[in-house]
Amino acid sequence: MNRHEQFCQNDECRLRGQLGKGNIVIHSKADKRYRCKVCGQTFTETKGTPFFHLKMSAEIVALVLALLSHGCPTQAIVIAFGIDERTVSSWLQKAGDHCKKIHEHTVQQGKIDIKHVQADEIWVKMVLTKMWMAMAIDVSSRLWLGGVVSQVRDLRLITTLVEQIRRCAISSSILLCVDGLSSYVTAFKKVFRNPIHTGKAGRPHLEPQQGLLLGQVVKKYEKKHVAKVIKRAVIGTLDAIISVITATCAGVGINTSYIERLNATFRGRLHILVRRGRAIAHKDRIVTAGMYLVGCVYNFCCYHRSLREASNEEGKKWYERTPAMAAGLTNHRLTMLELLRIKVPLPLWVDPPRRGRPPRHLQKQTMAVAA
């Protein structure tokens with residue numbers, strides 16, 4: 001037990017989510033509990049992780065979730081481990097919610113140098129309905145930037161995805177390559193713009209940010225087969241788009257091959273995305289949880305063959321890297337157990353606004369300063 005790696009988990013504590021404040025002490029080594037000296041609350045070592053309040057060992061839970069994130073059906077896990085299907089579903093839900101917090105805390109913090117992004121949508125077969133899953137990838141680092149699940153493939157779905165892309169990027173000079181869906185053009189122009197304040201009353205005028213590029217690949221179908229492919233520049237010039245594609249080593253023309261490959265990876269690793277199968281989902285929250293679980297495992301736990309570099313170490317030919325390592329988010333590959341044990345800090349404490357007349361000692365300080 002290391003109290004220096006723990007922070008207070010109480011929402012009402014003034015030092016919640018802060019490390020190195022000296023407020024955490026060991027409360028019970030037998031139960032692996034810590035105590036905060038500020039608020040007096042105790043919490044277990046697994047608080048803030050998917051292992052909280054689980055009777056099964058963390059190794060077994062991590063093994064089951066690793067199988068789920070690599071395409072193993074729930075029915076096979078039930079037979080192999082003797083675990084109830086509802087238990088496996090609850091573990092998937094908890095792990096997905098936890099991975100969503102990790103993704104928002106690490107990836108969507110505006111610290112990634114993104115130059116070329118590709119986005120696309122895939123449909124998800126569910127019980128008595130169908131969902132749409134929109135995702136985006138950074139071509140240079142192969143980093144999964146995020147995804148959104150919705151019942152309708154409309155402007156709201158695409159706008160939410162583009163907002164996630166903007167939260168990840170450190171700069172607005174981005175090339176986005178998509179298919180022929182017109183909602184991308186509207187959402188891209190809507191999200192990537194800045195208000196121009198002139199001092200006049202009313203809503204400020206919004207102008208598009210500089211450096212935005214958008215290329216589309218439009219496919220024409222005849223009898224359910226692709227008959228013609230049109231590549232066009234929607235925002236920016238074709239020469240500027242080609243120069244970014246060449247600089248990021250993403251081919252010689254406008255394409256969506258990298259996001260299409262990522263879609264195939266998700267369909268292979270998430271059993272509920274299988275086109276023809278019995279392991280279909282009943283609720284959209286399970287699809288969202290599975291998407292974030294597979295996405296975080298893909299970013300942090302899996303080496304990508306195209307990202308490896310020549311190694312200078314003797315006896316080692318290649319230096320393997322994960323997408324998170326290529327993006328500079330981590331310096332090593334995480335195991336499933338390490339990923340699930342990451343604790344996302346709580347937001348810092350903010351004093352609530354005071355109503356009414358201030359206390360007398362504050363009034364005296366204010367009068368002294370005024371004098």
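The text that follows walks through the structure, step by step, so that each part is easy to find. (Residues numbered from 1 in each chain as written. Predicted model: local features only at pLDDT ≥ 70, side-chain atom pairs only at ≥ 80, totals over all residues. Heavy atoms only, no water.)

Describing the state of the cysteines
- A full pass over the atoms with the stated rule returns zero disulfides.
- Free of any disulfide, Cys-39 has its nearest neighbouring cysteine sulfur in Cys-8, separated by 3.7 Å.
- With no disulfide of its own, Cys-177 lies 14 Å from the sulfur of Cys-249, the closest cysteine sulfur. (Disulfide = S-S within 2.5 Å.)

A word on the environment of Lys-37
- Checked against the element boundaries, Lys-37 lands in the loop between β2 (33–36) and β3 (42–44).
- Separated by 14 residues in sequence, Lys-37 and Asn-23 place their C-alpha atoms 5.1 Å apart.
- Look past the residues within four positions of Lys-37 in its chain and what remains in contact with it is Gly-22, Asn-23 and Val-25.
- Polar side-chain contacts of Lys-37 include one of 3.2 Å to the backbone oxygen of Gly-22. (Helix = DSSP H or I, 4+ residues; strand = E, 2+ residues; numbered from the N terminus. Contact = heavy atoms within 4.5 Å. Polar contact = N/O pair within 3.5 Å; in protein donor to acceptor, adjacent residues only side chain to side chain.)

Some remarks on the sheet that holds strand β10 (residues 213–222)
- With mixed pairing, the six strands of this open sheet are ordered in space as β6-β5-β4-β7-β10-β11. The sheet is open, and its two borders are formed by β6 (143–150) and β11 (225–235), each paired with just one other strand. With direction set aside, neighbouring strand axes in the sheet form an average angle of 20 degrees.
- Where strand β7 (residues 175–179) and β10 come together, five bridges link them in parallel fashion. In the strand pairing of β10, Asp-179 is matched with Val-217.
- Sheet strands in contact with helix α4 (residues 155–168) are β4 (116–126), β5 (129–138), β6 and β7, and its direction is about 155 degrees off that of β6.
- Strands β4, β5 and β6 of the sheet are contacted by helix α8 (residues 284–300), whose axis makes an angle of about 175 degrees with β6. (Pairing = 2+ DSSP bridges. Axes fitted to C-alpha atoms, helices over the stretch in contact; angles between N-to-C directions.)

So, the side chain of Gln-9
- On the secondary structure map, Gln-9 appears in the segment before β1 (24–28).
- Among residues more than four places away in sequence, those in contact with Gln-9 are Phe-43, Lys-47, Gly-48, Lys-343 and Leu-346.

Overview of the pattern of salt bridges
- Applying the stated criterion to the full structure yields four salt bridges.
- Here Lys-115 and Asp-113 are joined by a salt bridge, their closest N and O atoms 3.7 Å apart.
- The salt bridge partner of Arg-321 is Glu-309, with a shortest N-O separation of 3.4 Å. Of the two residues, Arg-321 is situated in the loop between β13 (318–319) and α9 (323–326) and Glu-309 in strand β12 (residues 309–310); the sequence distance between them amounts to twelve residues.
- Residue classification places Arg-321 among the buried positions, given a relative accessible area of 18%.
- We classify Glu-309 as partly exposed; its relative accessible area is 37%. (Salt bridge = Lys/Arg side-chain N within 4 Å of Asp/Glu carboxyl O. Buried < 20%, exposed > 50% of the residue type's maximum accessible area, 1.4 Å probe, protein only.)

Brief notes about the side chain of Gln-93
- Tracing the backbone through its elements, the reader meets Gln-93 in helix α3 (residues 85–106).
- Those residues in contact with Gln-93, other than ones at most four positions away along the chain, are Arg-285, Ile-286 and Ala-289.

Describing the nonpolar core
- With 81 residues, the main nonpolar core has Met-133, Leu-176 and Leu-339 as its most contacted residues.
- Considering each element in turn, this core owes the most residues, ten residues, to α8.
- With residues up to four places along the chain from it excluded, the contact list for Leu-339 reads His-98, Cys-99, Ile-102, Cys-296, Val-297, Phe-300, Cys-301 and Leu-334.
- Counting eleven residues, the second largest nonpolar core, distinct from the first, contains Leu-213, Val-217, Val-244 and Ile-254. (Core = buried A, V, L, I, M, F, W, Y, C linked by side-chain atoms within 4.5 Å.)

Focus on the packing of aromatic side chains
- The full count for this structure, using the stated rule, is four aromatic pairs.
- A centroid spacing of 4.9 Å and a plane angle of 50 degrees characterise the contact between Phe-188 and Phe-192, whose relative ring orientation is tilted. By the burial criterion, Phe-188 is buried, and Phe-192 matches it.
- One aromatic cluster is present, formed by Trp-144, Phe-266 and Tyr-292 through successive ring pairs.
- In this structure, Arg-267 is placed above the aromatic ring of Trp-123, and the distance from its NZ or CZ to the ring centre is 5.5 Å.
- For the cation-ring pair, Arg-308 lies above Trp-318, with the distance from its terminal atom to the ring centre recorded as 4.1 Å. (Phe/Tyr/Trp six-rings, centres within 6.5 Å; stacked < 30°, edge-to-face > 60°. Lys NZ or Arg CZ within 6 Å of the ring centre and 35° of its normal.)

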